[in-house]
Amino acid sequence: MAEAKKTTSKKAAKVSKRKATTAKKTKKTKTKLTKTVTKVVKTKKKVPWETQKEKVVTARHKRVAEKAKERSEASAPADVEVQRMRITDVSGVTYDDPAYESMVQMYDSTIKDIKEGEIVAGTVLGVNRDDVIVDVGFKSEGIIPLHEFPTPLNVKVGDAIEVYLEQIEDSNGQLILSKQKADFMRVWDRIREIHDSGDEVSGTVVRRIKGGLVVDVMGVDAFLPGSQVALRQVPDFDALINQEMALKIIKINKARRNIVVSRRVVLEEERDTMREELLNEIAVEQVRQGIVKNITDFGVFIDLGGVDGLLHITDMSWGRIRHPSEMVSLGDQIDVKILDIDDKTSRISLGLKQMTPYPWENIEEKYPIGRKVTGRVVSITDYGAFVELEKGIEGLIHISEMSWTQHIKHPSKIMNVNDAVEAVVLSVDKENEKISLGIKQMEPDPWETIDQKYPIGKVISGKVRNLTAFGAFVELEEGIDGLVHISDMSWTRRIQHPSEVMKKGDKVEVKVIKIDHENRRISLGLKQLTEDPWGDIAKKYAVGTECLGTITKVMDRGVVVDLDNMVEGFVPTAQLGSKELTDPVGVFSEGEQIPLQVIEFERHQHKIVLSVTAYYKKRERAELDDFLTKHSSAGNKAIAEAMPDELREAGEPETPAEEAAEVPPDDTDQGDSSSEEEKTE
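These numbers come from a predicted model, not from an experiment.

What counts, and at which threshold
- Residues numbered from 1 in each chain as written.
- Predicted model: local features only at pLDDT ≥ 70, side-chain atom pairs only at ≥ 80, totals over all residues.
- Heavy atoms only, no water.
- Buried < 20%, exposed > 50% of the residue type's maximum accessible area, 1.4 Å probe, protein only.
- Helix = DSSP H or I, 4+ residues; strand = E, 2+ residues; numbered from the N terminus.
- Arc of directions from axis to C-beta.
- Salt bridge = Lys/Arg side-chain N within 4 Å of Asp/Glu carboxyl O.
- Phe/Tyr/Trp six-rings, centres within 6.5 Å; stacked < 30°, edge-to-face > 60°.
- Lys NZ or Arg CZ within 6 Å of the ring centre and 35° of its normal.
- Contact = heavy atoms within 4.5 Å.
- pLDDT = per-residue confidence, 0-100.
- Pairing = 2+ DSSP bridges.
- Axes fitted to C-alpha atoms, helices over the stretch in contact; angles between N-to-C directions.
- Expected span 1.5 Å × (residues − 1).
- Bend = angle between axes of the 7 residues up to and from the residue.

Peer 1: Can you explain helix α11 (residues 621–630)? Please cite residues and give values.
Peer 2: For α11, every residue scored as buried is listed here: Leu624, Phe627 and Leu628. Viewed end-on, α11 has its buried residues packed into an arc of 95 degrees, placing them on one side of the element. Those residues of α11 that are exposed and aimed more than 90 degrees away from the buried face are Ala622 and Lys630.

Okay, here's the thing in structure tokens:
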């Protein structure tokens, strides 16, 4: 007996904490058992616990029966065959066998026999911010995260739901339940059938996640990738939330409870069906209604109902447009005309301007040459401005037709885009769709009366507007300039640049010397304000005349000299006294006076050529030696070697008679020269 008691106490200590917790929750009525030993009639057969009729045996029942059997065997006397128990509660009430059986059945009905991995029915006991407490008829409740419910806001206490039992007890003795898995298991067979057959299924967009959308399909969450939402990229996924759409299941995975659906597959099938029907219906020159699906720089793509057509920018308007968005917007419904259909590529070309009459029809009657018109500047280029006369009709005002007199560098100097202008029709080319316009024709041509205003020989005053290498432009009035050529600036001086005579902005008097109507040019002269001095110069500087010249410029080919501040002459390098001299630079200097003799005179070309060698040919050798000493470039060479050959060969001085015989009198030469000049004049 001692050993039996010891064994019983040890087993009693091993009562699990779970039973203690369960006892507190269920608040069972404490009962008192009193044992009486009686003899049982031997005709009554003992019924084992395990074989009780219609009794649902659970693991807990088995454990309770085993422990009761051990206690009875340990405490019962050897000669007692059956123990009879009398059940009494704390108040002293004793329960008979029928009452006990009824109480056990009532208790068993409150605890269900559930297994892991099955779907069980439950009732919502409570809802908090993150979880939902569910009673599934077990000794403890389960907790399900609120986000597992498709519509968390609609969950309320008392709702009957189905949940999936993942685990009876976790480390905390808690039931592990799942609403999503229950929903998935409930519809899995149906989803698999739909996937295998390729049928469509309806789904509602629940929320947006990274990479796509979550769609409610038959009560379970399915993933709709962003690339499978539509045929083209969707700019705003949030706009699709709560929308119902037709889908196809393209991938399933039961172990991971993964369902992937596609809306694009459905749309592609619909598009292919509509495309075949449309291609059989449409024809060239047919007018169809479409929806603007995409806008690019070169045109617009129109959805004709399953088939896209291109409306090129050149076929949108008879007039000028910079971008298709000026006429249409995304989603617009417009009527277009079928221009062409490519049977090989199924490409369709559309037209919008072809819906209106051709504006260039009878253009010659609408805009005859010489007619004054009004238009709006729509474009400006370097060579002119385009003016819109009406929708689809534009004319060009060339830069040369903008002013009779002004030198316009760019059309933007006198007009801007959207300016209203008046012009005159100059020409019409219907075949090439071109109209030439002019605005200067709105005023009289000043060059038609230029002869009356500026007759040849008239002296006028003007302002130097610009200087060039060949002359100076003098402004006579607004827009009318005349040119003073560099050769008409001085009778006697050789002008290298107009800046030697005048400067920009100077006010000068000039004489009109020529008018070119064809090229619209006026030639002016500055030297013509004075008489031509070359008649007197010809007499004063006839060939053979000796004079002094002041060097004004030294060049490698000779020197330029000034003769009495009246006229310039030129001395070639070969005529500077030394045959060895090749470059006067460094030998002669500006401002130096040298003796000279005129050896060539051309009145009409205003040219005088002089010579040092000719001058000293009639002089003593000592004078030439002295000149060469001052202007020697031969180093230590003898002066005689530097002398010209004719002077070296001359030898002794010639007699006056010989000189008279060889050299003609100066008067005769001068007289002949003068007579020739007079004859030329």
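What follows picks up the thread again.
Peer 1: Please set out the pattern of salt bridges residue by residue, giving values where relevant.
Peer 2: Under the counting rule described, the total for this entry stands at 19 salt bridges. Here Asp130 and Arg129 are joined by a salt bridge, their closest N and O atoms 3.8 Å apart. Look at Asp130 and you get partly exposed, because its relative accessible area is 44%. A residue is classified by how much of its surface remains accessible, and Arg129, at 73% relative accessible area, is exposed. A salt bridge links Asp221 to Arg207; the nearest nitrogen and oxygen atoms lie 3.9 Å apart. Of this pair, Asp221 sits in strand β11 (residues 220–225) while Arg207 sits in strand β9 (residues 200–209), placing them 14 residues apart in sequence. On the basis of relative accessible area, Asp221 is assigned to the partly exposed category, the value being 31%.

Peer 1: Describe in detail the packing of aromatic side chains, supporting the description with residues and values.
Peer 2: If you walk through the whole model with that rule in mind, you get eight aromatic pairs. Both rings, one in Phe470 and one in Phe473, keep their centres 6.3 Å apart while their planes meet at 85 degrees; by these two values the pair is edge-to-face. The structure contains a cluster of three or more aromatic residues connected by ring pairs, namely Phe588, Tyr615, Tyr616 and Phe627. Sitting above the plane of the Tyr615 ring, Arg619 keeps its charged end 4.3 Å from the centroid.

Peer 1: With reference to specific residues and values, describe the environment of Gly525.
Peer 2: By secondary structure assignment, the location of Gly525 is in strand β28 (residues 521–525). Those residues in contact with Gly525 that lie beyond four places of it in its chain are Asp488, Val510, Lys511 and Ile513.

Peer 1: For the confidence of the model for the protein, give the residues involved together with the corresponding values.
Peer 2: Low-pLDDT portions of the prediction should not be read for the details of their coordinates. Confidence along the protein averages 76 in pLDDT terms, with 77% of residues attaining 70 or more. Per-residue pLDDT stays below 50 along residues 1–56; that stretch engages in 46 contacts with residues further than four places along the chain or on separate chains. Between residues 650–681, whose pLDDT stays under 50, and residues either more than four places distant or in other chains, the model counts 15 contacts.

Peer 1: Lay out the pairing of strand β15 (residues 299–303) with the relevant residues and their values.
Peer 2: One ladder, built from four bridges, connects strand β14 (residues 287–295) with β15; its direction is antiparallel. Note that in β15 the partner of Ile291 across the bridge is Asp303. From the end of β14 to the start of β15, which pair antiparallel, there are three residues. What sits between the antiparallel neighbours β15 and strand β16 (residues 308–312) is a turn of four residues, in which Gly305 has the positive phi angle 105 degrees.

Peer 1: Describe in detail the sheet that holds strand β24 (residues 459–467), supporting the description with residues and values.
Peer 2: Hydrogen bonds between backbone groups are what pair the strands of a sheet, and the pairing can be parallel or antiparallel. Judged by pairing direction, the barrel is mixed, and its five strands sit side by side in the order β24-β25-β26-β28-β27 before closing back on the first. Neighbour-to-neighbour, the strand axes of this sheet turn through a mean angle of 55 degrees, independent of strand direction. Here four bridges tie β24 to strand β25 (residues 471–477), and the two strands are oriented antiparallel to one another. In the sheet register, Leu467 faces β25, and the bridge partner there is Ala472.

Peer 1: With reference to specific residues and values, describe the sheet that holds β14.
Peer 2: As summarised here, the arrangement of the five strands in space is β14-β15-β16-β18-β17, forming a closed barrel in which the pairing is mixed. Strand-to-strand twist in this sheet, taken as the mean axis angle between neighbours without regard to direction, amounts to 55 degrees. As judged from the two bridges shared by β16 and strand β18 (residues 348–351), these two strands associate in the parallel manner. Following the sheet pairing, Leu311 is matched in β18 by Leu350.

Peer 1: If you had to explain helix α5 (residues 179–197) to someone new, which residues and values would you point to?
Peer 2: Taking 1.5 Å per residue, 19 residues should reach 27 Å; α5 reaches 27 Å between its end C-alpha atoms and fits that length. If you look at α5, its biggest bend is around 50 degrees, right at Trp188. Looking only at α5, the buried set comprises Lys179, Lys181, Ala182, Asp183, Phe184, Val187, Trp188, Ile191 and Ile194. With its phi angle positive at about 80 degrees, Gly198 sits one or two positions after the end of α5.

Peer 1: Go over the pairing of β9 with me, naming the residues and quoting the values.
Peer 2: Bridge count for β9 against strand β12 (residues 244–253) is five bridges, and the pairing is antiparallel. Across the sheet, the residue bridging to Thr204 is Glu244, located in β12. Hairpin connection, β9 to strand β10 (residues 212–217): the antiparallel pair is bridged by two residues, and Gly211 has positive phi, about 95 degrees.

Peer 1: Would you mind going over unusual backbone geometry in detail, with residue names and values included?
Peer 2: With a phi angle near 60 degrees, Asn362 is a residue other than glycine that sits in the positive phi range. Position of Asn362 relative to the elements: it lies in the loop between β18 and α7 (363–366). On the accessibility criterion, Asn362 (40% relative accessible area) is partly exposed. One non-glycine residue with positive phi stands out, namely Glu433, at about 55 degrees. Residue classification places Glu433 among the partly exposed positions, given a relative accessible area of 38%.

Peer 1: I'd like a rundown of the environment of Pro152, residues and numbers included.
Peer 2: Within the secondary structure, Pro152 is located in the loop between β6 (142–145) and β7 (160–167). For the pair formed by Pro152 and Val127, sequence separation is 25 residues and the distance between their alpha carbons is 9.6 Å.

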